[in-house]
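The residues making up each chain are set out below.
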Amino acid sequence: MRFYFCFIICLFGYLGFAQTKYATIAGIVVDENDIAVKNVSIVILGKNSGILTSDTGTFTLKVPAQKSVALIFSFVGYAEQQKNFFLSNDEVEKITVQLKRSGKLLETVVVGGDKERKEIGIIKINPKTATVLPSTVGGVEGLIKTLVGSNNELSSQYNVRGGNYDENLVYINDFEIYRPYLVSSGQQEGLSLINPEMTRNINFYTGGFQSKYGDKMSSVLDIQYKKPTAFSGSAYVSFLEQGLQLEGTSKNSKVTYLAAVRNKSNKNIVSNQPTVGAYIPSASDFQGFITYKVSQKFQLEVLSIFSTAKFTYYPESVKKTSSVFSPFFTANLGLDVNFEGQEKDNYATSLFGITLLQNLNAKVKLKWMLSQFKDNEKENYDISGSYIFGDRDFDKNSATFGQITNPLGAGYYQNYARNVLNIQSYNLGHKGSYDAKKHFVQWGLSVEQVKIIDKLAQFEFRDSAGYSLPYTPSVLSIFNAQNSTANLSIYKYNGYVQDNIKLSKSKNDITLQTGVRFNYNNLNNQILISPRAQLSYKPFGKKDIVYKLAGGIYNQPPFYRELRKNDGSLNTNIKAQKSTQIVAGIDYNFKAFGNRILRFTTEAYYKNMTNVIPYDIDNVKIRYSGENNAKAYATGIEFRLFGELVKDAESWLSVGIMRTRENLNNDKYYTYKNAAGEIITANTIDRVVADSIQNEVGMLRRPSDRLITVGLYLEDYLTTNKNFKVHLNAIYGSNMVYNIPGSVKYRNGLIINPYIRVDMGFSALLLSEKSMRRSHNPLKKFENIWASLEVFNIINRENTISFQLIKDFSNTVYALPNRLTPRLLNLKIIGKF
């Protein structure tokens, strides 16, 4: 009897269980950088057991339907999150859960991964900060400029430790990309090829980088795009730029896709410059990244980028003023120019790359790469200007207020160009790695063909006081003229091998990284060998500190711009610039500001450079001498502090002290004396030469020399509401030099005043988590929507980028500054779904 009774109870229990209705929750758990987090604990509230996320951060969990269910997501070092659901029978809900660092649990978590902390010169950047940074350039480069300094808010280019723009390497998914070469001013630049909305990982190396990175002397920016695991996207619109980004995966997760389109017009910025006229800048790009998992051992990746930029310009007039102070007189010098003509530039860049990833086994990973890069540029301008130069009247009670009352000079000039540049690069490469526990060996080989077709046709005509310059009686002279063509086909071969060796046998952590790379090209038939090494030491103890040392040879073969001399001809025999570098630093984590962990890094460096190709910088245009006729050095020290000065708000401070000098070969000039032994000048009465003295210039400041650089990025929010945030981006750079063309004695003799700029952004959350919205809400699919008001150059400082040189009737040269942008406003709305 008891048996039948138990059987009936069990039967009813089974039937009751069978009638229970279920729903499914599936998704992925990511961190603040959208990187998947494995082994995250997921528990139904009230239950004692749960599941863990997979190695890719994904999970699938069945939950009771038609009742309230709460899931608890927890992981060491991150704040616990709770998600609430009420699902129908058999409903499938796909979600993305983002974990945030916990201030309380950060006591046991190292700020910055151990792997990154052991490398010299590396700065790991959060891609999400790039989308909220208040900056006219924005993006990843805007962030980098707060770390290394800047002198031009219109350009995305940056100088690192005394180098110029051409000395920086940039990679996207291991494919090297290049910037346009004919751009002469920041206002002509379009969009950066790096899309921060697509970016998963950013590693920026300021020097002493590994052998696996290419052959340049200053820095490496290594960008990795995301591999999504669920559908999502973002859209933004502002006065300057608009964009849309989508990402997702197939049902079987074998295919992932990432696509984005952007459009930019900085007309509101450039139209506020001193030169009055019609500015019509525009830029747009499309980027796509697709991955396909062929099998457990093979994966195929395809990256495609197409970018175009146009700049049309109809100048009308400009009024410039500069104050002159001297022991002899004080004056407010003015220059009034009326223009005729126009400028039309066009830049089109594309990259198509295919990568095959091969996992032979748990230890060996191989990568096969094929890419094509194209760059087509056209620079067309024909602009003339008639000018008058002299004392400007600033007496508001005068009838001639604002006018030039005492002319010192007048003239006419014309700038003309019809330049075309086509570059095509085809690259076949292989990379691999072997993990043997205490050894991690990496290697790579690549073959590249570069085709360059260049047509240069430009001239500059100057007429001063009725005479064409340089003045030659009975002959019409052109001040500067270049007319040449080039058709080059260059083959490049390079490779590397390096080993990361873990030397530790005790509690102290010691790592040695050694490597060597080679480079050869058939342009100058030069073989370059570059050994490099790094050593890191982390002692066991209470203090979380890492000591680092690196040294090596960094050679930079000439590409295109370095070949061209001042007269327009090409020097195909020019050799690579060579640099020997030594870097030493520390990385220290400590507690402050309410037991929050901060990270302090400092690095001292020295670069000795030979076979240097001297150059001048005018705005963003670099003009090389086309000869290996100098030697140089750069030395300095950098301090950086990273952390959360306010809980859950990222901030950093960067301070750099640097000196870089160069010594040109045969940079000699003469001073002349009369019979009385007086040095002859413009004011000397007796100008009959009786004797001469040869002088050598010696070491002088390089165009990129800047003693002090300070960058500050701060985040904050209202203490009563984190949905109202403030972002501040401030940059200070001490003075720089500017070259007087054609002068040996006064090379780099002009001084550009310090660059000071502060940009601020005020953000408000307009739409919060979608779980708080009703199902019929038209904005239910949006995770959040933010609005931001950005104030550029909030202190309204008139920064100088270059000088315009003018001669008066007595042939005296005056330098009038070319100013950058004033205070401006920008409104931006960002939505994520």
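See the structure printed just above.
Because the structure is a prediction, the values reported are computed rather than measured.

Criteria and cut-off values
Residues numbered from 1 in each chain as written. Predicted model: local features only at pLDDT ≥ 70, side-chain atom pairs only at ≥ 80, totals over all residues. Heavy atoms only, no water. Helix = DSSP H or I, 4+ residues; strand = E, 2+ residues; numbered from the N terminus. Buried < 20%, exposed > 50% of the residue type's maximum accessible area, 1.4 Å probe, protein only. Contact = heavy atoms within 4.5 Å. 1 Å grid on protein atoms, 1.4 Å probe; cavity = no way out; pocket = protein on both sides within 12 Å on 5 of 7 lines; lining within 4 Å. Points joined across faces, edges and corners; volume = space filled by probe spheres on them. Nonpolar A, V, L, I, M, F, W, Y, C, P; charged D, E, K, R; others polar. Polar contact = N/O pair within 3.5 Å; in protein donor to acceptor, adjacent residues only side chain to side chain. Core = buried A, V, L, I, M, F, W, Y, C linked by side-chain atoms within 4.5 Å. Pairing = 2+ DSSP bridges. Axes fitted to C-alpha atoms, helices over the stretch in contact; angles between N-to-C directions. Phe/Tyr/Trp six-rings, centres within 6.5 Å; stacked < 30°, edge-to-face > 60°. Lys NZ or Arg CZ within 6 Å of the ring centre and 35° of its normal.

A few words on the overall build of the protein chain. Within the protein chain, the regular secondary structure consists of 5 helices and 44 strands. When its C-alpha atoms are laid out on the principal axes, the protein chain stretches across 140 × 65 × 50 Å. Put simply, the protein chain has 833 residues, and 50% of those count as buried. Residue pairs in contact within the protein chain that sit at least 24 positions apart in sequence constitute 67% of those at least 6 positions apart.

Okay, helix H4 (residues 139-148) next. Of all 10 residues in H4, 10 are buried, a share of seventy percent or more. Every buried residue of H4 is accounted for by Gly139, Val140, Glu141, Gly142, Leu143, Ile144, Lys145, Thr146, Leu147 and Val148. Just past H4, the residue Gly149 takes up positive phi, approximately 100°.

Scanning the model with the defined rule gives 11 cavities of 30 Å³ or more in all. Roughly 430 Å³ of internal volume is contained in the second largest cavity. What lines the second largest cavity is a set of 35 residues, and nearest its centre among them are Thr136, Val137, Gly138, Gly139 and Glu241. Contributing elements (two or more residues each) for the lining of the second largest cavity: helix H3 (127-132), H4, strand S13 (232-238), strand S15 (255-264), strand S41 (784-792) and strand S44 (824-832). The residue makeup of the lining of the second largest cavity, split by class, is 13 nonpolar, 13 polar and 9 charged.

Right, let's talk about the side chain of Glu153 for a bit. One can find Glu153 in the loop between H4 and strand S9 (168-172). Reaching out from Glu153, the side chain makes a polar contact with the side chain of Tyr755 at a distance of 2.7 Å. At 3.3 Å, the side chain of Glu153 forms a polar contact with the side chain of Arg757. With residues near it in sequence (within four places) discarded, Glu153 still touches Thr136, Val137, Lys145, Tyr755, Arg757, Leu820 and Thr821.

This part takes up the nonpolar core. Core analysis: the largest hydrophobic core is formed by 60 residues, its most contacted members being Phe204 and Leu221. Excluding anything up to four places from it in sequence, Leu221 contacts Val140, Ile144, Tyr158, Leu169, Val170, Tyr171, Ile194, Ile202, Asn203 and Phe204. Listed in part, the 20 residues of the second largest apolar core include Ile25, Val29, Val40 and Val97.

Turning our eyes to something else, we now look at the sheet that holds strand S3 (residues 50-52). The 4 strands lie next to each other as S3-S2-S5-S6, forming an open sheet whose pairing is antiparallel. Only two strands of the sheet have a single partner each, and these edge strands are S3 and strand S6 (81-86). Each adjacent strand pair in this sheet contributes to an overall mean axis angle of 20°, direction not counted. Bridging between strand S2 (residues 41-44) and strand S5 (residues 68-74) involves 4 bridges; their strand directions are antiparallel. Looking across to S5, one finds that Ile44 is bridged to Leu71.

This part takes up the packing of aromatic side chains. Enumeration over the complete set of coordinates arrives at 25 aromatic pairs. Relative to Tyr560, the ring of Tyr181 lies with its centre 5.8 Å away and its plane at 80°, an arrangement referred to as edge-to-face. In this pair, Tyr181 sits in the loop between strand S10 (175-176) and strand S11 (199-205) while Tyr560 sits in the loop between strand S26 (544-556) and strand S27 (577-592), placing the two residues 379 residues apart along the sequence. The exposure classification of Tyr181 matches that of Tyr560, with both residues buried. A centroid spacing of 5.1 Å and a plane angle of 20° characterise the contact between Tyr416 and Phe459, whose relative ring orientation is stacked. Note that Tyr416 is positioned in strand S20 (residues 404-436) and Phe459 in strand S21 (residues 439-464), a separation of 43 residues in sequence. On the accessibility criterion, Phe459 (27% relative accessible area) is partly exposed. A connected cluster of aromatic rings, assembled from ring pairs, spans Tyr178, Tyr181, Phe373, Phe559 and Tyr560. One cation-aromatic arrangement involves Lys828 over Tyr236; the distance from NZ or CZ to the ring centre is 5.3 Å.

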